[in-house]
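If you want the building blocks of each chain, they are given just below.
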Amino acid sequence: MLRQVLSTVAESRRLERLVSTMPVSSSIVARYVAGETPDEAVQASRQLVDADLRVSLDHLGEHTGDRRQAETITQAYVTVVDRLRRAGLTWATEVSVKASAVGQTLGADGEKIAVDNVREICQAARQAKTTVTLDMEDHSTVDSTLSILRTVREDFPETGAVVQAYLYRSESDCHDLAYEGSRVRLCKGAYSEPESVAYRRHADVDRAYVRCLKILLAGPGYPMVATHDRRLVEIAGALATRYGRTAGTYEYQMLYGMRPAEQRRLASMGETVRVYVPYGSQWYPYLMRRLAERPANLGLFLRSLVTRS
Ligand code: FDA
């Protein structure tokens, strides 16, 4: 229910304009977003890498409305990859890209535009000796995003995929994606989806997550276990042992600002842990999704809105 309300709020342009005038340093925004500039993104990456963590940087933005904007976001990725290279961080830092940010939704040519732009980012990433992961968005885009991924993987097989456990189709997608060299991030799914396509009860999503996890961990690919859920992290560890996986043949992933102590605890045990770090001025939809997952933060957020100077 709350997730639905916040999803609606996330689409309100008026509220977005109001909220987006808050400085990014406002504490609730700063908790989840590393800053607005590439310099701030690189600085946050350095701090995490120094703490023995890996990073995936996300230049915030989605549902780009025209070709020029898609090109601007593509160049922002190329620039930040180059900054990371010059900072000596690309061995531990990759980037995450939303297909809708780089053109996917631009009409009949959208998919092709997105393929070209993602390829350009992959090329820059490869030159810098790092990788790209293609985020997954709402269910109506999944087929298109997987098609973009397949095309891009022809030349850049190192490109990561994302599967959202809450979708009924995801076990089948996991089977398709669990092959040698295939990097697959498994998350629960962050969008408000209808019952016709997705599990809506927490317990059902968790069970689906475990089924997907088994497929990925049993296969020859490289699973990326993206969750903050204590039980699922424990189950992933137990399954990794059961399937004879050693540290480094899979990784945990968590979002910037979420369970930082757990991120460090896992890393100190020799696990690979990657933190997804969003940065940029278009943080509003991302922040709304995080608030929908954590109603306890909503009060804090509303107070910071009312008291903003
Ligand atoms: P769940 O939401 O059940 O939370 C488990 C526990 O985590 C909570 O009990 C709490 O302790 C803690 N927690 C959860 N949310 C919190 C918050 N906002 N603040 C503080 N603590 C919180 N989704 C998607 O649709 N497409 C994508 O491409 C990605 N990519 C992605 C990358 C990475 C690295 C992660 C970790 C997640 C994503 N997601 C995503 C988001 C994902 O689908 C999901 O919405 C969130 O991770 C929350 O689900 P959890 O698995 O953490 O469980």
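Residues numbered from 1 in each chain as written. Predicted model: local features only at pLDDT ≥ 70, side-chain atom pairs only at ≥ 80, totals over all residues. Heavy atoms only, no water.

A.B. asks: What is the right way to look at the site of the ligand in this model?
C.D. replies: In the neighbourhood of the ligand, 25 residues make up the surrounding shell, with Lys 188, Gly 189, Thr 227, His 228 and Glu 293 lying closest. Contact distances for the ligand include 2.8 Å between an oxygen atom and a side-chain N or O atom of Gln 164. Here an oxygen atom of the ligand and a side-chain polar atom of His 228 are 2.7 Å apart. Elements that contribute at least two residues to the shell around the ligand include exactly helix H3 (27-32), strand E4 (161-164), strand E5 (183-187), strand E7 (251-255) and helix H12 (284-293). Here the shell around the ligand gets three residues from one element, more than from any other, and that element is E7. Classifying every residue of the shell around the ligand by side-chain character gives eleven nonpolar, six polar and eight charged. (Near = heavy atom within 4 Å. Polar contact = N/O pair within 3.5 Å; in protein donor to acceptor, adjacent residues only side chain to side chain. Helix = DSSP H or I, 4+ residues; strand = E, 2+ residues; numbered from the N terminus. Nonpolar A, V, L, I, M, F, W, Y, C, P; charged D, E, K, R; others polar.)

A.B. asks: What is the right way to look at unusual backbone geometry in this model?
C.D. replies: Working note: non-glycine residues mostly have negative phi, and peptide bonds are mostly trans. Its identity as a non-glycine residue notwithstanding, Asp 52 has a phi of 75°, on the positive side. Take Asp 52: it is sitting in the loop between helix H4 (38-50) and strand E1 (54-59).

A.B. asks: Is there a simple way to think about the sheet that holds E7 in this case?
C.D. replies: Sheets are built from strands that pair by backbone hydrogen bonding, the pairs being arranged parallel or antiparallel. Reading across from one edge, E3-E2-E1-E8-E7-E6-E5-E4 is the order of the eight strands in this open sheet, with parallel pairing throughout. The open sheet terminates on both sides in strands that have one partner only, identified here as strand E3 (132-134) and E4. Averaged over neighbouring strand pairs, the angle between their axes works out to 30° when direction is ignored. Looking at chain direction, E1 and strand E8 (residues 273-279) are connected through six bridges and run parallel. The residue bridging His 59 from the neighbouring strand is Tyr 279, located in E8. Here helix H6 (residues 110-127) sits on the sheet in contact with strand E2 (93-97) and E3, set at roughly 155° to E3. Contacts between helix H8 (residues 170-177) and the sheet are confined to E4 and E5, with E4 contributing the most and set at about 155° to the helix. (Pairing = 2+ DSSP bridges. Axes fitted to C-alpha atoms, helices over the stretch in contact; angles between N-to-C directions. Contact = heavy atoms within 4.5 Å.)

A.B. asks: How do you make sense of the side chain of Gln 164 when you look at a structure like this?
C.D. replies: Note that Gln 164 resides in strand E4. Judged by its relative accessible area of 2%, Gln 164 is buried. Here the side chain of Gln 164 touches Met 136 through a polar contact of 3.5 Å, landing on its backbone oxygen. For Gln 164, the side chain forms a polar contact with the main-chain oxygen of Glu 137, separated by 3.1 Å. Ignoring sequence-local partners within four residues, the contact set of Gln 164 consists of Met 136, Glu 137, Val 142, Ser 170, Cys 187, Lys 188, Gly 189 and Tyr 191. (Buried < 20%, exposed > 50% of the residue type's maximum accessible area, 1.4 Å probe, protein only.)

A.B. asks: Honestly, the pairing of E1 in this entry has me stumped. Any pointers?
C.D. replies: Successive residues of a regular strand alternate their side chains across the two faces of the sheet. Of all the six residues making up E1, five are buried; the element is thus mostly covered by neighbouring parts of the structure. In terms of strand pairing, E1 meets E2 through four bridges, oriented parallel. Its bridge partner being in E2, Val 55 is matched across the sheet by Thr 93. For the crossover that starts at E1, traverses helix H5 (residues 67-86) and ends in the parallel E2, the hand is right-handed. (Right-handed = clockwise from strand over helix to strand, strands pointing away.)

A.B. asks: Looking at this structure, how should I read the nonpolar core?
C.D. replies: Proteins that are soluble and globular tend to have nonpolar side chains buried together. The biggest cluster of nonpolar side chains holds 78 residues, and the ones touching the most others in it are Leu 57, Val 95 and Val 277. At eight residues, the largest contribution of residues to this core is made by helix H9 (residues 202-218). Apart from residues lying up to four places away in sequence, Val 277 is in contact with Ala 34, Ala 44, Leu 48, Val 55, Ser 56, Leu 57, Asp 58 and Tyr 256. Judged by nonpolar contacts, the second largest core, of 17 residues, contains Ile 28, Met 258, Leu 287 and Phe 301. (Core = buried A, V, L, I, M, F, W, Y, C linked by side-chain atoms within 4.5 Å.)

A.B. asks: Teacher, can you tell me more about H5 here?
C.D. replies: Helix length check: H5, at 20 residues, gives a terminal C-alpha distance of 29 Å against a target of 28 Å (1.5 Å per residue), a fit within 8%. Burial in H5 covers these residues: Ala 70, Ile 73, Thr 74, Ala 76, Tyr 77, Val 80, Val 81 and Leu 84. The buried residues of H5 all sit within an arc of 150° when viewed along its axis, so they share a single face. Seen from the open side of H5, the exposed residues pointing more than 90 degrees away from its buried face are Arg 67, Arg 68 and Arg 86. Residues of H5 that are buried sit in contact with H4, E1, E2, H6 and E8. One or two residues past the end of H5 sits Gly 88, with phi positive at roughly 70°. (Expected span 1.5 Å × (residues − 1). Arc of directions from axis to C-beta.)

Honestly, that's just the spatial picture; any functional story needs more than this.
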